[in-house]
Every structure is written in C-alpha cells, then in structure tokens.
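# Structural overview for review
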Amino acid sequence: MSSPTSRLHPATIAVTAGRPPHDPDQPLNVPITMTSTYVATGDLEYGRYGNPTWSAFEEALGALEGGRALAFASGMAAATTLLDLVGQDGGVIAPRHSYSGTIAALADFESRGRLHATLLDITDTAAVIDAMEADEDCAMLWLESPTNPALEVADIATLAAAAHELGIRVIVDNTFATPLLQQPLSLGADIVVHSATKYISGHSDVLMGAIVTADDDVYAALKGRRDLMGAVPGPFEAWLALRGLRTLHVRLERAQANAMELARRLAEHPAIEEVRYPGFGAIIAPVIAGGADAADFVVRATSLWVHATSLGGVESTFERRRRWKLEATTIPEGLVRLSVGIEDVDDLWEDLRQALDRIN
Ligand SMILES: *Cc1c(COP(=O)(O)O)cnc(C)c1O
C-alpha cells in the first residue's frame, strides 16, 4: 500500500492513506476481503490475526494520529482491551465525566478486584497531578477530552509530562475531537483510543473502535491482546469505517461551523440555562431551564433532530443524557447532548427554536 508522508496535510492523508499502489488494474479502494483463513506460511494465517481491509483502515487512521493503529469491534472493545493492560490492583485515574460505558467498565474491573479507579474533575490539573502522586500503584492516566457529555477539556500536555515522570501511562479517548482537531500522541500521550462508531465512520451505520500508539512495545502488547481476546471487527465494518474516514475533514468542518452558530444562538434563548461548548468540535451540551421535564419535551418536539443516542453522524441527533441510569449524577438533569450534523444550520435552528419556544 502507498504511504503518505508526514509532509502531507490531514485532509490529503484522510483521502489518500491506505490505498492500493497506483499500478495498472489496481482498484482505487482496498476490497472487502471476506475470509476466515489464509493459505499457510504467510504473515496473516488466520482471520482473527489480520485482514487486508482492517490494515487499510489502520494505515489511514494511524497516519492521521501519528502512530500505528489497531482496529477493534467497538470503542468499548478497544477501551476494555486497554484497561486489561493494567496489572493486578493497579490504579487508574479517569475523568468523573468520562463516557458512561468507560466508567461502568472501570467499576466492573474494580468490583472484581482487578484495579482501583479514581474519578476526578479533569479540568483541575493540579488535583489530577496530586492524585497521581498520592497513588503509588497508579499505572494509567485515562483522559477523555473533551469529556462526554460535560465537554470539559484536559490539559493533555501538562498531565502527560507529569504522568511520565511518575512512570504512568497516558491514554486519551479522542472520539470527540478526532485527529483533525487534536493529536494526543504529539501532546505526549502514549495511546489514543477511538469509538470509530462516531465521527470516523460518520454515518451512524457501523460500530467500530481503534487504538493508536507510536510505541512499538505497546503496539505489540495490544496486538497480542487483540489476537487473544478476539474483539475484532468484520471486514465490511472496516471497509465502511474507511469509506467514512475519507470525508472526515469535510464533514467535521461543516458540522463544527453549524455547532458554533447553534451554540451562539442557543446562548441567547431564554429557555437555556447554560450552553456547554468547548469552542471546537460539533457536540454542544445546552442545559434546558426547567430540568428533566422541559428537556424531555424538547427531544420529542422536533422533526429534523432525531431523538437518539450516539453521535458523530451526518444527521443531527440529541438526547437528555440523564435518561441513562449509568450517567454521572453530577450531570444536570436538563442537559441535552446535541450531535450537530451537516444539514443547513438555519433549518436545524428553526426546528430547535420552535421546540424551545413551546416549553411551558
Ligand atoms: C461511544 C463512545 C465510546 C464507546 O464506543 P462504542 O463504539 O459505542 O463501543 C467510548 N468513548 C466515547 C467518548 C464515546 O462517545
């Protein structure tokens, strides 16, 4: 496969990385290789160990993040494979407003005595450093930035430097920012994890995850774990995710522009108590005045915005996060997480505004 060099800009990498060579009769796109096994004595041998369609996806995502990628069956498959790197009773420090599935996985590992977790306000850099220093068994600093759904931003560079002085490994869940808005490896993180289900795939039609690292030993350890635990994606999923990734920059540019405009308009609406928006990306978390009832009314009162969980698709979706039992109780009852799509911004605003206007 042809490899783009680091001279290229992200948009060019997104379009060109992981393509077959420019030779006569080569397809432009890597085909979907449907096979469970390979003729023996090669590099692949068996379908759980490797697949050419995964490799194309991994090459493209790795090039965007600045490391080597491994594809997984879902974001949670990637996340739990990472948590499994923590040795017996090792410490993990994570944002208290991490993705609720990550918090649940930490609690599950902890309940079985595998590790101990400390959940903190990730914007309080000094407190996070204190916590790392206080736990001599701390093995992993798990960052998610921005957090889902509170949209808090961590100082990745400062925290990574402090973690490394203490011999602590740094993971960043980069699902919300994507490699186009934030490259954690260049900020000092050891490993990036993605729910590729979201922006990378971008069309709400595939579940996939990925890990990226520039450290060959970490890569080998994680590849070994993927081989053993078997949380691998299907070739068709990998093909869809790569097809989605080809337009990531164009989708994100439009979705972000829409989100910036909607954040501005929402802040001026009297039914909104507070707008959480980190200033980049396409997720906004307005807190509706009137709490759960008012927010539940809004998510049922629109025709373009779809009431659905998940995020990062071309279509605009939203949900009141506290409807989930797993969501942190420090998230306001009236917080609605908007995943802004690439529709016309005035149409999106009209649909939201008429719902907000009708709250009584
Ligand atoms: C959705 C999500 C995950 C989990 O990914 P799945 O693909 O649903 O397993 C992890 N982290 C964040 C930030 C997410 O939004």
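Here the structure is shown first, and the text comes after it.
The rules behind these values
- Residues numbered from 1 in each chain as written.
- Predicted model: local features only at pLDDT ≥ 70, side-chain atom pairs only at ≥ 80, totals over all residues.
- Heavy atoms only, no water.
- Pairing = 2+ DSSP bridges.
- Helix = DSSP H or I, 4+ residues; strand = E, 2+ residues; numbered from the N terminus.
- Axes fitted to C-alpha atoms, helices over the stretch in contact; angles between N-to-C directions.
- Contact = heavy atoms within 4.5 Å.
- Phe/Tyr/Trp six-rings, centres within 6.5 Å; stacked < 30°, edge-to-face > 60°.
- Buried < 20%, exposed > 50% of the residue type's maximum accessible area, 1.4 Å probe, protein only.
- Lys NZ or Arg CZ within 6 Å of the ring centre and 35° of its normal.
- Parallel < 35°, antiparallel > 145°, perpendicular 65-115°, else oblique.
- Left-handed = near helix turned anticlockwise from the far one by under 90°.
- Nonpolar A, V, L, I, M, F, W, Y, C, P; charged D, E, K, R; others polar.
- Patch = residues over 30% accessible without salt bridge, like charges linked within 9 Å, V, L, I, M, F, W, Y side chains within 5 Å.
- Areas by Shrake-Rupley, 256 points an atom, 1.4 Å probe, with all protein chains shown as cover.
- Salt bridge = Lys/Arg side-chain N within 4 Å of Asp/Glu carboxyl O.

### Re the sheet that holds strand β3 (residues 115–120)
As summarised here, the arrangement of the 7 strands in space is β1-β7-β6-β5-β4-β2-β3, forming an open sheet in which the pairing is mixed. At either margin of the open sheet sits one strand with a lone partner, and together these are β1 (68–72) and β3. Strand-to-strand twist in this sheet, taken as the mean axis angle between neighbours without regard to direction, amounts to 20 degrees. Across 5 bridges, the pairing between strand β6 (residues 191–195) and strand β7 (residues 209–213) is antiparallel. Among the inter-strand pairings, H194 is bridged to a residue of β7, identified as A210. In the packing of helix α4 (residues 100–111) onto the sheet, contacts are made with β2 (90–95), β3 and β4 (138–144), and the angle to β3 comes to roughly 145 degrees.

### What to know about the packing of aromatic side chains
Taken as a whole and assessed by the stated rule, the structure comprises 3 aromatic pairs. Taken together, a centroid distance of 5.5 Å and an interplanar angle of 35 degrees make the contact between W305 and F318 tilted. In this pair, W305 is assigned in the loop between α11 (291–300) and β10 (306–307) and F318 in strand β11 (residues 317–320), connecting sequence segments 13 residues apart. You can call W305 buried: its relative accessible area is 2%. We classify F318 as buried; its relative accessible area is 1%. R68 extends its terminal NZ or CZ atom over the ring of Y219, reaching a point 3.7 Å from the ring centre.

### Observations regarding the packing of helix α5 (residues 125–134) against helix α6 (residues 156–165)
Look at α5 against α6: their axes get within 10 Å of each other, and the N-to-C directions meet at 15 degrees. Regarding the angle of α5 to α6, the classification is roughly parallel. Seen along the crossing, α5 lies across α6 with a hand that is right-handed. Contact residues: T125, V128, I129 and M132 in α5; T158, L159, A162 and A163 in α6. Counted by class, the contact of α5 with α6 contains 6 nonpolar, 2 polar and no charged residues.

### Things to note about the environment of A177
Locating A177 in the fold gives a position in the loop between β5 (169–173) and α7 (178–181). Judged by its relative accessible area of 0%, A177 is buried. Once you skip the residues sitting within four places of it in the chain, A177 turns out to touch S145, P146, Q182, L252 and F280.

### Some details on a nonpolar patch on the surface
Nonpolar side chains collect at one region of the surface, where I32, M34 and F236 lie side by side and expose about 300 Å² of accessible area between them. Along the chain, F236 turns up in helix α9 (residues 235–245). Residue class for F236 comes out partly exposed when judged on its relative accessible area of 40%.

### Digging into the packing of helix α3 (residues 75–83) against α4
At a minimum axis separation of 11 Å, α3 and α4 run at an interaxial angle of 35 degrees. In this structure, α3 crosses over α4, and the sense of that crossing is right-handed. Taking contact as the criterion, the partners of M76, T80 and L83 in α3 are, on α4, G101, T102, A105, L106 and F109. Here the residues of the contact of α3 with α4 sort into 5 nonpolar, 3 polar and no charged.

By themselves, these are just geometric observations and shouldn't be taken as functional.
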